[in-house]
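# Close look at the chain arrangement
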Amino acid sequence: MKKIIFPFITLLAITLTSCDKPQEKSITTIKLSNPTDFDLKQKAVGLALDELPKQTSSSKHPLLLIEGDTLASQLSDSNKDGRNDELFFVIDIVANASKNIQFKWVEKQPKHTIQTSIRFGKRESKDEPVKPATSETLSATDVPKALGFQKYQTDGPTWENDKVAFRHYLDGRNAIDVYGKKIAAISPENVGLDSAKAVVDNYHTMEDWGRDVFPVGSSAGLGGFGVIANGKIQRLGILVTDTLNNIEKTSFKILEEGPVKSSMEYSYTNWNTEENTYQAKEITTIWPGMYAFQNTVAVNGLAPQDTLAIGLSNINNKKGVEELKTEKWTALIQHDSLTYDRTWVMGTAIILPSEKYTSYSEAPDTGKFMQSYLAKVNVKNDESITYYGVSGWELSQEKRFKNVAFFKQYVTDLANTLYTELDISINTENQKISE
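Residues numbered from 1 in each chain as written. Predicted model: local features only at pLDDT ≥ 70, side-chain atom pairs only at ≥ 80, totals over all residues. Heavy atoms only, no water.

## Let's talk about the overall build of the protein chain
Inclusion rule: Numbering goes from the N terminus for both helices and strands, where a helix is a DSSP run of H or I of at least four residues and a strand is a run of E of at least two. Note that accessible areas follow from Shrake-Rupley with a 1.4 Å probe, and for residues the cover is restricted to the protein chains shown. Within this scheme the basic residues Lys and Arg register as positive and the acidic residues Asp and Glu register as negative, but His and the chain ends are omitted. Charge placement uses NZ in Lys and CZ in Arg. For Asp and Glu, CG and CD serve respectively.
The helix and strand inventory of the protein chain stands at three helices and 29 strands. Its C-alpha atoms give the protein chain principal-axis dimensions of roughly 115 × 55 × 40 Å. Accessible surface computed for the protein chain: about 20,600 Å², of which carbon and sulfur atoms make up 48%. For the protein chain, the distance from the average site of its 49 positive side-chain charges to the average site of its 56 negative ones is 4 Å.

## Focus: the sheet that holds strand β6 (residues 86-93)
Here is the rule we go by: Two strands are said to pair when DSSP picks up at least two bridges between them. For every element, the axis is a line fit to its C-alpha atoms; helices are fit only across the contacting stretch, and the angle between N-to-C directions ranges from 0 to 180 degrees.
Across the sheet, which stays open at both edges, the three strands sit in the order β2-β6-β5 with antiparallel pairing between neighbours. The strands lining the two open edges of the sheet, one partner per strand, are β2 (40-48) and β5 (74-76). The sheet shows a mean angle of 40° between the axes of neighbouring strands, taken without regard to direction.

## Some details on the pairing of strand β16 (residues 222-229)
Here is the rule: Summary of the burial criterion: residues with accessible area below 20% of their type's maximum are buried, those above 50% are exposed, and those between are partly exposed, where the area comes from a 1.4 Å probe applied to protein chains only.
Of all the eight residues making up β16, eight are buried; the element is thus mostly covered by neighbouring parts of the structure. Two elements, β16 and strand β22 (residues 307-313), share five bridges in a ladder whose sense is antiparallel. Bridging from a neighbouring strand, F225 pairs with I310 of β22. Bridging between β16 and strand β17 (residues 232-235) involves four bridges; their strand directions are antiparallel. When the sheet's bridge partners are listed, A229 is paired in β17 with K232.

## Things to note about the pattern of salt bridges
For the record, the criterion: Note on definitions: salt bridges are taken to be side-chain nitrogens of Lys or Arg within 4 Å of carboxyl oxygens of Asp or Glu.
Inspection of the entire model under this criterion finds 22 salt bridges. In this structure, K408 and E322 form a salt bridge, with 2.4 Å as the shortest nitrogen-oxygen distance. In this pair, K408 is assigned in helix α3 (residues 404-418) and E322 in strand β23 (residues 322-325), connecting sequence segments 86 residues apart. By relative accessible area, K408 is classed as partly exposed at 27%.

## With respect to the side chain of S187
What counts here: Whenever a nitrogen or oxygen atom comes within 3.5 Å of another N or O atom, the pair is scored as a polar contact, on the condition that within protein one atom can donate a hydrogen and the other can accept it, and that pairs from neighbouring residues in sequence are kept only if both atoms are in side chains.
Along the chain, S187 turns up in the loop between β14 (176-181) and β15 (210-212). A polar atom in the side chain of S187 sits 3.0 Å from the side chain of R119. Looking at S187, its side chain comes within polar contact range of the side chain of E160, at 2.6 Å.

## Details of the side chain of S313
The line we're drawing: The criterion used for residue contact is that any of the two residues' heavy atoms lie within 4.5 Å.
Within the secondary structure layout, S313 lies in strand β22. At 3.4 Å, the side chain of S313 and the side chain of S219 are in polar contact. Beyond its immediate stretch of four places on either side in the chain, S313 contacts F214, P215, V216, S219, G221, Q334, Q371 and S372.

## Thoughts on α3
Counted only if it meets this: Take the number of residues in a helix, subtract one, and multiply by 1.5 Å to get its expected span.
Under the 1.5 Å per step criterion, the end-to-end length of α3 is 21 Å for 15 residues, consistent within 8% with the ideal 21 Å. Within the span of α3, buried status applies to F407, Y410, V411, T412, L414, A415, N416, T417 and L418. Buried-residue contacts for α3 involve β2, β21 (292-300), β23, β24 (329-336), β25 (346-353) and β28 (385-393). Its side-chain oxygen placed 3.0 Å from the backbone nitrogen of A405, N403 serves as the N-cap of α3.

## Some details on the sheet that holds β28
The nine strands lie next to each other as β11-β18-β19-β20-β21-β28-β25-β24-β23, forming an open sheet whose pairing is antiparallel. Whereas interior strands pair on both sides, the edge strands pair on one side only; in this sheet they are β11 (135-139) and β23. Along the sheet, successive strands turn relative to each other by an average axial angle of 15°, direction set aside. Bridging between β24 and β25 involves eight bridges; their strand directions are antiparallel. Counted as the bridge partner of T330 is L352 from β25. α3 contacts β21, β23, β24, β25 and β28 of the sheet and is inclined by roughly 155° relative to β24.

## Section: the confidence of the model for the protein chain
For the record, the criterion: A score between 0 and 100, pLDDT records how confident the predictor is in each residue.
On average, residues of the protein chain carry a pLDDT of 93, and 93% of them reach 70 or more. In this model, residues 1-18 is a region of pLDDT below 50 whose contacts with residues beyond four sequence positions or in other chains number zero contacts.

## Let's talk about the nonpolar core
Keep this limit in mind: Put simply, a nonpolar core is a bunch of buried Ala, Val, Leu, Ile, Met, Phe, Trp, Tyr and Cys residues held in one set by side-chain atoms that sit within 4.5 Å of each other.
Among the nonpolar cores identified, the biggest contains 76 residues, and F225 and I351 are the most heavily contacted of them. Ranked by residues supplied to this core, first place goes to α3 with six residues. Setting aside its immediate chain neighbours within four residues, I351 contacts W329, T330, A331, Y387, Y388, V390, V411, L414, A415, L418 and Y419. By size, the runner-up hydrophobic cluster in this structure holds 19 residues, among which are I30, L52, L64 and I91.

## Here we look at the environment of L352
Along the polypeptide, L352 turns up in strand β25. For the pair formed by L352 and T386, sequence separation is 34 residues and the distance between their alpha carbons is 7.1 Å. Beyond its immediate sequence surroundings of up to four residues, L352 is in contact with I310, K328, W329, T330, Y357, A375, V377, Y387 and Y419.

Here it is in structure tokens:
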């Protein structure tokens, strides 16, 4: 009998051989190197998208892999023109070491733990419930004393990360307050509201997540600013007892809110002072891992002799302030029972670029801008400056903030991280990968 060979066996062999054939794929590796002799913790990195492979029509979401694990990231608009132009993430790199990250575009957006947030709510009348919002414009008369009620949940926007939370008094005061957080999770959406979504002060009592711990008074809080003109400190804004703002129009909007970066912008039109009328812009940004936020400020209308002053509330401070200065950065640090009724120990600081910083002084005992140390910075008209507000509370996740030496070292380590430039190389090559 003649032996029959079935054709499909040959075809199967061909198919199997074809499947085993290595496929060529494009692999992008991002190499980050720490050139310093100190560890960098939660170092913020922003990579320009035009340095990375182009997106395809179907693959629109970034995926970063490091040692097989996903690294949280997000697309960001770094120049605030309404278009994403940057890939943003944070990473730890020990001293004199490098890390390699694999990058690719994917169709399905990766899910990351939410580590930053901005919360803003408003109402137009006392009887209306507060509704979430992403922007606001207020006139000089839109202040609580003139309106007869508070328009905003928590008096203005709250922003936070996994370590700490802050709020900006958008109601005309433009001071920056601190919420002490005890947990990494984002605080509840109903902070500052009752069950009917009316504005209520329920954040000065301790909750599982934490509470408002920082007295602001007549200061500008942690990082609020003003201008020193002809020897007088001119505050951006008013006190809560005033019925008319010194800013003709204030515009606010949330720029982005994502798992690893959130930012918002304020524009101050016709800021009228005793000496001059200014225009000002402020951008506030936060990312995970730091007990701090970033602020970028520019003032138009500055005369050559004017000085920008950044405030550090010194209410309840009986130990003074310490200036730490390096070639790159300067920090004003205070550590005492700075909280309400001196109940808990807390450290606060502002970190500024040394090339702009000149000196500090204490605010006057009278006027609209008091109860503060003032960091004086030399900036030109409409020139922006970036600085950081830092807060470490003894009941936060880091209990060692109760120790003054630890807090100073934390500020030092944070400043070194913020002002260190990584060595970055991006390489894309084709590799043969067996499917």
